[in-house]
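Listed here are the chains, written in short residue letters.
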Amino acid sequence: MVLAIPAVIASLAAGAAYAGADTTFDPALTQFTNFLEGSGGKIITVLSLAGGLIGLASGRFSLGQVAVPVGVGIGVGTGVPIVTSVVTAVI
């Protein structure tokens, strides 16, 4: 009974809390997402491809030199919307 009274008072006095209701970082998130999905993602992919081509030109061949630029391109092109939608759905 001693613990029940404070618990009832606390539950009546508590306000509603909504996860994800804070919009403090929305402008930064929008800017960063637009950067990765637009020109920034293209630049990252091209730089990754250039690194793979330089590695190939140096005489050593590795599957990673081809697979990494492809993975980066796919990750930047499709990964950002997937992560954004998952985070939005979970929160």
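First, a word on what this report is: a plain description of the structure on this page.

Parameters and conventions
- Residues numbered from 1 in each chain as written.
- Predicted model: local features only at pLDDT ≥ 70, side-chain atom pairs only at ≥ 80, totals over all residues.
- Heavy atoms only, no water.
- Helix = DSSP H or I, 4+ residues; strand = E, 2+ residues; numbered from the N terminus.
- Buried < 20%, exposed > 50% of the residue type's maximum accessible area, 1.4 Å probe, protein only.
- Expected span 1.5 Å × (residues − 1).
- Arc of directions from axis to C-beta.

## Comments concerning the environment of Thr78
Then, number 1: Inspection of the secondary structure assignment puts Thr78 in helix α4 (residues 63-90).
Then, number 2: For Thr78, a relative accessible area of 43% corresponds to the partly exposed category.
Then, number 3: Taking the C-alpha atoms as reference points, Thr78 and Glu37, 41 residues apart in sequence, are found 8.4 Å from one another.

## Some points on helix α3 (residues 39-57)
Then, number 1: Given a rise of 1.5 Å per residue, 19 residues ought to cover 27 Å, and the 27 Å separating the end C-alpha atoms of α3 matches this to within 8%.
Then, number 2: Residues of α3 that are buried include every one of Gly40, Gly41, Ser48, Gly52 and Gly55, and no others. With its buried residues spanning 115° around the axis, α3 presents them on a single face. For α3, the exposed residues set more than 90 degrees away from the buried face come down to Lys42, Val46, Leu47, Ile54 and Ala57.
Then, number 3: Backbone geometry just downstream of α3 places Gly59 in the positive-phi region, at approximately 105°.

Distances and angles like these do not, on their own, reveal function.
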